[in-house]
Amino acid sequence: DVKVTQSSRYLVKRTGEKVFLECVQDMDHENMFWYRQDPGLGLRLIYFSYDVKMKEKGDIPEGYSVSREKKERFSLILESASTNQTSMYLCASTRLAGTYEQYFGPGTRLTVT
Amino acid sequence: KNEVEQSPQNLTAQEGEFITINCSYSVGISALHWLQQHPGGGIVSLFMLSSGKKKHGRLIATINIQEKHSSLHITASHPRDSAVYICAVYPDKLIFGTGTRLQVFP
């Protein structure tokens, strides 16, 4: 059974804190993605990675960075959390982008106070 | 204007009803995905299609590339079908619609 796991389901952080969200997949997928989901806006791509140590900015990368040191692990970092980063964060992976099924993690609901 | 539009935004149905959710897009694509998101957040891929029609159980997805339109049908709906259904298209990256919230009542 394929799996994408995320480190936390719920997270509450204070403004200015550094926040790490981790995603692990066990399918040996090359591509991994971080999205945020907000009501009325749908999923928006923050960053993606198509290989170890490779990363590409998505549509809304400001305020975020990522790290992919191992193929199975893709981390999203909020350097200094702000209240407008309160959102649902979803990680996904796929073998090849777009024309293959994306597998999603359960999501992390982050609240920044 | 969003590149991916879904309709309706919200849908309620009685158990057993036939349901249709529509997705229109404005860009050239190589694939279209239908996704399901249950309360709590987890997203599951239902279909990926680039032409024609696919069926899985009570779910049927169709796509008309010329008209840039896709439909997701649910036959004999059940309360467990209650979820948000999301359409996503792939020109060179996935672009998501804002979803259709479906509630099926017994």
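Residues numbered from 1 in each chain as written. Chains lettered and ligands numbered in written order. Predicted model: local features only at pLDDT ≥ 70, side-chain atom pairs only at ≥ 80, totals over all residues. Heavy atoms only, no water.

(A) Focus on the pattern of salt bridges. Overall, the coordinates contain nine salt bridges over all chains when judged by the stated rule. Close ionic contact of lysine 71 of chain A with aspartate 28 of chain A constitutes a salt bridge, the shortest N to O distance being 3.1 Å. One end of the pair, lysine 71 of chain A, is in the loop between β7 (64-70) and β8 (73-78); the other, aspartate 28 of chain A, is in the loop between β3 (19-25) and β4 (31-38), with 43 residues separating them in the sequence. Since its relative accessible area comes to 26%, lysine 71 of chain A is described here as partly exposed. On the accessibility criterion, aspartate 28 of chain A (53% relative accessible area) is exposed. For aspartate 81 of chain B, the salt bridge is made with arginine 58 of chain B, and the minimal N-O distance between the two is 2.9 Å. (Salt bridge = Lys/Arg side-chain N within 4 Å of Asp/Glu carboxyl O. Helix = DSSP H or I, 4+ residues; strand = E, 2+ residues; numbered from the N terminus. Buried < 20%, exposed > 50% of the residue type's maximum accessible area, 1.4 Å probe, protein only.)

(B) Structural view of the pairing of β7 of chain A. All names here are of chain A. Two elements, β7 and β8, share five bridges in a ladder whose sense is antiparallel. Its bridge partner lying in β8, lysine 70 is registered against arginine 73. Between the end of β7 and the start of β8, which pair antiparallel, lie two residues. (Pairing = 2+ DSSP bridges.)

(C) Spotlight on the sheet that holds strand β6 (residues 52-56) of chain B. Residue and element names in this part refer to chain B. Spatial ordering of the open sheet is given by β1-β3-β8-β7-β6, a layout of five strands whose pairing is antiparallel. Edge strands, defined here as strands with exactly one partner in the open sheet, are β1 (4-7) and β6. Each strand of the sheet is rotated relative to its neighbour by a mean of 15°, with strand direction disregarded. (Axes fitted to C-alpha atoms, helices over the stretch in contact; angles between N-to-C directions.)

(D) View of the nonpolar core. Ranked by size, the top nonpolar core spans 24 residues in total, and within it Leu32, Trp34 and Val89 of chain B carry the most contacts. For this core, the secondary-structure elements that each account for two or more residues are β3 (19-25), β4 (31-37), β5 (43-49), β7 (59-64), β8 (69-74), β9 (83-90) and β11 (100-105) of chain B. Once residues lying within four places of it in the same chain are set aside, the contact partners of leucine 32 of chain B are Cys23, Tyr25, Phe47, Met48, Leu49, Ile63, Ser70, Cys87, Ala88 and Val89 of chain B. With 21 residues, the next largest nonpolar core counts Leu11, Met32, Ile46 and Ile60 of chain A among its residues. (Core = buried A, V, L, I, M, F, W, Y, C linked by side-chain atoms within 4.5 Å. Contact = heavy atoms within 4.5 Å.)

(E) Structural detail: the state of the cysteines. Counting across every chain of the model gives two disulfides over all chains. Each sulfur in the disulfide pair cysteine 23 of chain A and cysteine 91 of chain A lies 1.8 Å from the other. Between cysteine 23 of chain A and cysteine 91 of chain A the sulfur-sulfur dihedral comes to about -75°; the bridge is accordingly left-handed. Of the two residues, cysteine 23 of chain A is situated in strand β3 and cysteine 91 of chain A in strand β9 (residues 87-94); the sequence distance between them amounts to 68 residues. Exposure class is identical for cysteine 23 of chain A and cysteine 91 of chain A. Each is buried. For cysteine 23 of chain B, the disulfide goes to cysteine 87 of chain B, at an S-S distance of 2.0 Å. Across the S-S bond linking cysteine 23 of chain B and cysteine 87 of chain B, the dihedral sits near -65°, which makes this disulfide left-handed. Of this pair, cysteine 23 of chain B sits in strand β3 while cysteine 87 of chain B sits in strand β9, placing them 64 residues apart in sequence. By relative accessible area, which is 0% here, cysteine 23 of chain B ends up buried. (Disulfide = S-S within 2.5 Å.)

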